[in-house]
Each structure stands twice: as C-alpha cells, then as structure tokens.
Amino acid sequence: MGIKGLVESGYLNSIPPEYVFPSNLNDLEVEEVPTVDFSQLTAGTPDERSKAIQVIGKACREWGFFMVINHSMPRRLMDEMLNVGERFFDLAEEEKQDHAGKELFDPIRCGTGFNNGLGNVFLWRDYLKVHVHPHFHAPHKPADFRETSEEYCKKARDVAEELLKGISKSLGQEENYIHKKMDVESGSQLLVMNLYPPCPRPELVMGMPPHSDHGILTLLMQNDVCGLQILHNGKWVPVNPPPYSFLVNTGDHMEILTNGRYESVVHQVVVNSNATRMTIATGHGPPLGAIISPAAELVDSENHPPKYQGMKYRDYIELQQTNQLEGKSCLDRVRI
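Thresholds, definitions, all that
Residues numbered from 1 in each chain as written. Predicted model: local features only at pLDDT ≥ 70, side-chain atom pairs only at ≥ 80, totals over all residues. Heavy atoms only, no water. UniProt positions renumbered as here; feature names shortened; annotations may be inferred. Buried < 20%, exposed > 50% of the residue type's maximum accessible area, 1.4 Å probe, protein only. Helix = DSSP H or I, 4+ residues; strand = E, 2+ residues; numbered from the N terminus. Pairing = 2+ DSSP bridges. Core = buried A, V, L, I, M, F, W, Y, C linked by side-chain atoms within 4.5 Å. Contact = heavy atoms within 4.5 Å. Axes fitted to C-alpha atoms, helices over the stretch in contact; angles between N-to-C directions. Parallel < 35°, antiparallel > 145°, perpendicular 65-115°, else oblique. Nonpolar A, V, L, I, M, F, W, Y, C, P; charged D, E, K, R; others polar. Phe/Tyr/Trp six-rings, centres within 6.5 Å; stacked < 30°, edge-to-face > 60°. Lys NZ or Arg CZ within 6 Å of the ring centre and 35° of its normal. Expected span 1.5 Å × (residues − 1). Arc of directions from axis to C-beta.

Looking at an unreviewed UniProt entry, one finds the protein named Fe2OG dioxygenase domain-containing protein, with Vitis vinifera as its source organism. The protein has a UniProt comment under Sequence similarities (unreviewed entry) that states "Belongs to the iron/ascorbate-dependent oxidoreductase family." For the record of the protein, the UniProt heading Function (unreviewed entry) holds the text "Involved in the regulation of shoot development and salicylic acid (SA) homeostasis."

Written as structure tokens, this is what we have:
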C-alpha cells in the first residue's frame, strides 16, 4: 500500500514508527531565490540575453538553483500533466502494481519512499518514474497519459536545452558546449511524478531527505502546495515559486563536468497536515553509457586540477539508488 492508500484507509491514528524520520527541521532562512526570465534568454535583445546569462551563471555559482518564468511550456500542458498524474495515483493499488518494477532501470517503476527495503525509515512519498528518452515509455493507464506526457517531456527537453545554452555561455564557452560534451541529443530523460499526501504529524516525517540529484539539470513544477527546501550557506531556504514557473537545480554531473565551478544543490522535501503536494520532475542527463569526468577546458594542472574521477553514468545512478540518500554521499565517492 502506498502513502496515499495509508492516509485514505481511515486507520491512520498515529505515525507508523518506520516512517518517523530523525528531525531535520533546523532554522529556516527566508531569502530571495534567483529568478531567470526565459523569454529574455531566448528572445530578448542582445543586452537582455547577456544579463539573463549573467543571472544564470551567478545562480549556478552561488545557489545551484533558480526559478524560471516566462518559459515556452504551455500552461495548458502543465495543468494537463498534473491532472493525468493525479489520476494515475488515483488508480487502484492492483493497477499501479502493474508498474511496480523490480529492477532499477526498468522503463516504468512506481512505489513508495526512495529505495524500498533499504534502511529502517520510510518516506512520506508515492512516486512514478518513467524513462522517456532516448526511448519513450508510458503506463497504459490513464488512457491519455502517453499522449500528454510525450508532449510535455519533449517541451521540457526544449526548455532544458535552452537553459544549457545559457549555462554554457556563462562558463565562457560556445552555447552548444554542454550539449556536445554530454551528448544531450542521445542523453537520458527521466520523468518523476511525486505525491506527498497530508500527514497528521508532518514534523515527524520527511517527503525526501537531504540529497542532490544525479544528472545535469532537473526541471520541476508543482501544484499550489509548497514543500521544497534548498540548502544555501548552511541554512534551509523554503522555495515558494510563482504559479506556472519551473524550479531548476543543477545535478551532480554538472558539478563533475564543470570541475566544481557549478555545484549541485542539496535539497529536501517536507510535508504538511492540510493538503497533498504533487510535483512533476524531469531529470536530464547524459547517455547511460557515457563516462563523465571534468571537461578538459575547465581544468588546468596549476589552479584547477581535476577534482573528480570519471564514472559511467549508469554506474553512478546505481551507486546512488542502492545506498541511503544522505546529502552528497554519492558524489563524495568520486572526488579525487
């Protein structure tokens, strides 16, 4: 039974002990998160584009995170994607079990928590993970899931590729630099739908513990319920995005490629007692078989020696997904 089923069963009078998470609710810091105007990056004057690239570079250096407004994803499609996601999680448990997925790289997997069966504490989260590029997959229910998600994921790739052009320029490289280095055309894209039902004692549980993402970039949208917090200068900063914006964070493989210039960001998800939070994330990475190491152009033996050893992307994902999620513990294993 997923968390949604547990909450709706009517038997939840207290939090089951296996869901009680060691408290991580430290003091929160209210700060203004960097915001990138996508329209200025892609259709602005040369001066507006230059300023947008500067904002992206500063955000990647100082935060590893930024919000994106005025992007090219239709609002209609964002609404439809949230709707079809809600209807997937509303399916009967036995229907969802068709996609339980036993292996890490199964095309479609749904479940609860992060990596079930590992560790003693479960997470207050139901998820659906679908590999959508370079080969597209989709659950067969709801009936419109395939059509809606295929359109959404294609447009999400378009947004990610434009952002990668801006990031490349902010590194002093030509705009297709990361695209070529990471072979984005043949790269992987993972669609992740997360459902965080309300919890009677939200202070006792976690939606997701502190962690960084594998891959290059993650694009995330949510319904109107907040819960994401990012670690910035040692403090947890709650993120309250404007409607129809994207939350974008740099992943571990952006940090590896840039030799630490643009670090991945540690983030976590908290839940609440009033409303269900739902998010749609697309993770964008290199091909699974690619070995990722610091780019030669961003390394020099005197001032910027290589900080990370190369590792096949597939092996890195396997390492992260078969161990406890704990900050940057996976990235730490490839540091030199």
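Once the structure has been displayed, the description carries forward.
Enquirer: Which residues make up the pairing of strand E10 (residues 246-250), and what values do they have?
Expert: Counting buried positions along E10 gives five out of five residues, so the element sits mostly inside the fold. Looking at chain direction, strand E2 (residues 65-69) and E10 are connected through four bridges and run antiparallel. In the sheet register, Val 68 faces E10, and the bridge partner there is Phe 246.

Enquirer: Hey, could you go over the nonpolar core for me, with residue numbers and the actual values?
Expert: One finds Tyr 152, Leu 163, Ile 167 and Ile 178 to be the most contacted residues of the largest nonpolar core, which totals 64 residues. Counting residues per element, this core draws most heavily on helix H6 (residues 145-170), which supplies nine residues. If near-sequence neighbours (up to four positions away) are discounted, Tyr 152 is found in contact with Met 73, Leu 77, Met 78, Met 81, Met 221, Phe 246, Ile 280 and Thr 282. Core analysis: the second largest hydrophobic core is formed by 31 residues, Met 67, Val 192, Met 206 and Leu 247 among them.

Enquirer: Before we move on, could you go through the packing of helix H3 (residues 46-62) against H6 and cite the residues and values that matter?
Expert: One way to put it is that H3 packs onto H6 with a least axis distance of 8 Å and a crossing angle of 80°. Put simply, H3 runs roughly perpendicular to H6. For the pair H3 and H6, contact is made by Arg 49, Ile 53, Ile 56, Gly 57 and Cys 60 and by Leu 163, Gly 166, Ile 167, Lys 169 and Ser 170, respectively. Of the residues contributing to the contact of H3 with H6, the split by class is five nonpolar, three polar and two charged.

Enquirer: I'd like a rundown of the packing of aromatic side chains, residues and numbers included.
Expert: Applying the stated criterion across every chain yields a total of four aromatic pairs. Centroid distance Tyr 19 to Trp 124: 5.5 Å. Interplanar angle 80°. Geometry classified as edge-to-face. One end of the pair, Tyr 19, is in the loop between helix H1 (3-8) and strand E1 (35-37); the other, Trp 124, is in the loop between strand E3 (108-112) and strand E4 (126-133), with 105 residues separating them in the sequence. Accessibility expressed as a relative area gives 0% for Trp 124, which makes it buried. Over the ring of Tyr 127 we find Lys 129; its NZ or CZ atom is 5.1 Å from the centre of that ring. The ring of Phe 105 has Arg 314 sitting right over it, with the charged end atom 4.4 Å from the ring centre.

Enquirer: I'd like a rundown of H3, residues and numbers included.
Expert: An ideal rise of 1.5 Å per residue puts 24 Å on 17 residues; H3 measures up with 24 Å between its terminal C-alpha atoms. Restricting attention to buried positions, one finds in H3 the residues Ala 52, Ile 53, Ile 56, Gly 57, Ala 59 and Cys 60. Taken around the axis of H3, the buried residues stretch over an arc of 165°, which confines them to a single face. Of the residues in H3, the exposed ones pointing more than 90 degrees away from the buried face are Gln 54 and Arg 61. Two residues or fewer after H3 comes Gly 64, characterised by a positive phi angle close to 70°.

Enquirer: Give me unusual backbone geometry: which residues, what numbers.
Expert: Residue Pro 134 is reached from His 133 by a cis peptide bond, and omega for that bond is 10°. By secondary structure assignment, the location of Pro 134 is in the loop between E4 and H6. Along the chain, Lys 141 connects to Pro 142 via a cis peptide bond; the corresponding omega equals -10°. Within the secondary structure layout, Pro 142 lies in the loop between E4 and H6. You will see that Asp 183, though not glycine, has its phi angle at about 50°, which is positive. Assignment of secondary structure puts Asp 183 in the loop between helix H7 (177-181) and strand E5 (188-196). With relative accessibility at 35%, the residue Asp 183 sits in the partly exposed group.

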